[in-house]
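# Structural description and commentary
Residue strings, one per chain:
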Amino acid sequence: MKVKKYAMLFVLIIIIFALFPVTALMQKTEKVVLGSKLFNEQYILAHMIAHLMHDNGLQTDVKESLGGTMINYEALKKGNIDAYVEYTGTAYNVILKLPPLEQWDPDEIYQKVEQGLMEQDNIAIAARLGFRDDYAIALHKDWMKENDVVRISDLEPYADDLSLGTDPEFASRPDGLPQIDKVYGFTFGRVRQMQPTLMYEAIKNNQVDAIGAYTTDSRVDLYNLSIVEDDKGALPPYDAVIIVRKEFLENEELMKIFKILEDQIDTETMRRLNRLYDIDKKEASDIAKEFLVEKGFIAP
């Protein structure tokens, strides 16, 4: 009987050890699908997450240029993607549709977004990356100096004669151009919607007079533009965050990977990485990998 018991125990141990690597392998070969919006840093950040996943033995699929905010968000909710980088101001205004605040405090917006996404859709923030990519209005430096324009309020006498180039989201979102119209009480004479890359080319070639720029975009400096001060605080803060479905919170391995990027990228760093993409024409994946190697997060 003892021999039989030991034999059965031996077989059981063999089965457990045989199954363990298979189970681990299954976890390691799960494919994590990452979404991205339609511009430079979104591509870079999606590949940054992908490289971290690869370094930890996970497969990924990066959906570059998946679409705008709601396309990515709905894909996340439905399980078509597993994570993407969102911005707190966008989540507050576009996804949660919360009322504007008299004063935009970044930490208060973050807390309201974190709570609201979870309560509304079981969506969680996996990491706060450390930089803000705020919307802003930019014009040619020479024109601003010639016309003594420093603040958005200063544009009112000229607005009817100015054309604005902007990405499609900023043109229609409640936290974008409509909010500027509402707070400042004027509209631009003409608004042209276009992809961000074309927007900068348009102002470079004097096809538009102003653009809806981003504070992390190096092309503002490249094209000798200047950002006008949002003196009435019309536009909210846009902290970059990685968002995932609630179920991912239970996956400690994945959450540790996301947390690697917590507070690791400031605005100047993101602008530098964007410059490598926009000006130096490097691939987003290569930019992401070089940054992670430089920080010591992955092996060369």
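The coordinates are above.
Small disclaimer: the values here were computed from a predicted structure and weren't measured. All residue numbers here refer to positions counted from 1 along the written sequence of the relevant chain. Reporting of local features is limited, given that this is a predicted model, to residues whose pLDDT is at least 70; pairs of side-chain atoms are given and counted only at 80 or more, and all residues count toward the totals for whole chains, interfaces and linings. Hydrogens are left out, water is left out, and the side-chain values use all remaining heavy atoms of the structure.

### Re the overall build of the protein
- Secondary structure elements are defined from DSSP: runs of H or I of at least 4 residues count as helices, runs of E of at least 2 residues count as strands, and each element is numbered from the N terminus. For the protein, the helix and strand inventory stands at 13 helices and ten strands.
- Of the contacts made within the protein by residues no fewer than 6 positions apart, 75% connect residues no fewer than 24 positions apart. Throughout, a residue-residue contact means that at least one pair of heavy atoms, one from each residue, lies within 4.5 Å.

### Notes on the environment of glutamate 252
- Turning to its location among the elements, glutamate 252 is positioned in helix H11 (residues 252-259).
- Residues glutamate 252 and arginine 272 lie 20 residues apart in sequence; the distance between their C-alpha atoms is 31 Å.

### Notes on the pattern of salt bridges
- For this analysis, a salt bridge means a side-chain nitrogen from Lys or Arg found within 4 Å of a carboxyl oxygen belonging to Asp or Glu. Counting across every chain of the model gives 17 salt bridges.
- Note that glutamate 290 is salt-bridged to lysine 282, the shortest N-O span being 2.7 Å.
- Only protein chains enter the calculation, and the probe is 1.4 Å; a residue is then buried if its accessible area is under 20% of its type maximum, exposed if over 50%, and partly exposed in between. Residue classification places glutamate 290 among the partly exposed positions, given a relative accessible area of 40%.
- By relative accessible area, lysine 282 is classed as partly exposed at 28%.
- What you see here is one network of salt bridges that share partners, running through Glu74, Lys77 and Asp121.

### Here we look at the packing of aromatic side chains
- Any Phe, Tyr or Trp ring, taking Trp's six-membered ring, that has another such ring centre within 6.5 Å forms a pair; planes under 30 degrees apart are called stacked, those over 60 apart edge-to-face, and the others tilted. Counted according to the given criterion, the structure contains eleven aromatic pairs.
- Seen from their ring centres, tyrosine 135 and tyrosine 238 are 5.6 Å apart, and the 90 degrees between their planes marks the pair as edge-to-face. Linking tyrosine 135 in strand E5 (residues 135-140) with tyrosine 238 in the loop between strand E9 (225-227) and strand E10 (239-245), this pair joins segments that are 103 residues apart in sequence. Take tyrosine 135 and tyrosine 238: they sit in the same class, and that class is buried.
- Ring pairs connect the aromatic residues Phe39, Tyr87, Tyr135, Phe170, Tyr214 and Tyr238, which therefore count as one cluster.
- Above the ring of tyrosine 110, the side-chain terminus of arginine 128 is found at 4.3 Å from the ring centroid. Only when the NZ of Lys or the CZ of Arg is both within 6 Å of the ring centre and within 35 degrees of the ring normal is a charge said to sit over the ring.

### Here's the deal with helix H5 (residues 106-121)
- To estimate the expected span of a helix, subtract one from its residue number and multiply by 1.5 Å. Compared with the 22 Å implied by 1.5 Å per residue over 16 residues, the 22 Å span of H5 between its first and last C-alpha is a close match.
- Within the sequence span of H5, burial applies to Ile109, Tyr110, Val113, Gly116 and Leu117. Down the axis, H5 shows its buried residues gathered within 145 degrees of arc, on one side only. Exposed side chains of H5 directed beyond 90 degrees from the buried face belong to Gln111 and Glu119.
- Looking at the packing, one finds that the buried side of H5 touches helix H3 (69-78), helix H4 (88-95), strand E4 (123-132) and E10.
- One or two steps after H5, the chain reaches asparagine 122, where phi turns positive at roughly 55 degrees. The directions from the helix axis to the C-beta atoms are what the arc is built from.

### Here's the deal with the nonpolar core
- One finds Met48, Ile137, Ile242 and Phe258 to be the most contacted residues of the largest nonpolar core, which totals 73 residues.
- Excluding its chain neighbours within four sequence positions, the residues that come into contact with methionine 48 are Leu261, Ile265, Leu273, Ala288, Phe291 and Leu292.
- We call a set of buried residues a nonpolar core when its members are Ala, Val, Leu, Ile, Met, Phe, Trp, Tyr or Cys and they connect through side-chain atoms within 4.5 Å of each other. Ala75, Leu76, Ile95 and Leu117 belong to the second largest nonpolar core, which has 19 residues in total.

### Re the pairing of E5
- By the criterion of burial, E5 is predominantly enclosed, with five of the six residues buried.
- Of the strand pairs in this sheet, E5 and strand E8 (residues 210-214) are connected by five bridges, and their pairing is antiparallel. Residue isoleucine 137 lies in a different strand from E8, and its bridge partner there is glycine 212. When DSSP finds at least two bridges between two strands, those strands are taken to pair.

### A short note on the packing of helix H2 (residues 40-55) against helix H12 (residues 267-278)
- In the contact formed by H2 and H12, the axes pass within 9 Å of each other and the chain directions differ by 105 degrees. Classified by the angle between their axes, H2 and H12 sit roughly perpendicular to one another. Between H2 and H12, the residues in contact are Asn40, Glu41, Tyr43, Ile44, Leu45 and Met48 and Met270, Leu273, Asn274, Tyr277 and Asp278, respectively.
- For the contact of H2 with H12, the residue count by class is seven nonpolar, two polar and two charged. Between N-to-C directions, angles span 0 to 180 degrees; the directions come from axes that are lines fitted to C-alpha atoms, helices contributing only their stretch in contact. Angular relationships are summarised with four words: roughly parallel below 35 degrees, roughly antiparallel beyond 145, roughly perpendicular across 65 to 115, and oblique for the angles in between. The nonpolar class holds Ala, Val, Leu, Ile, Met, Phe, Trp, Tyr, Cys and Pro. Asp, Glu, Lys and Arg form the charged class, and all remaining residues, Gly among them, are polar.

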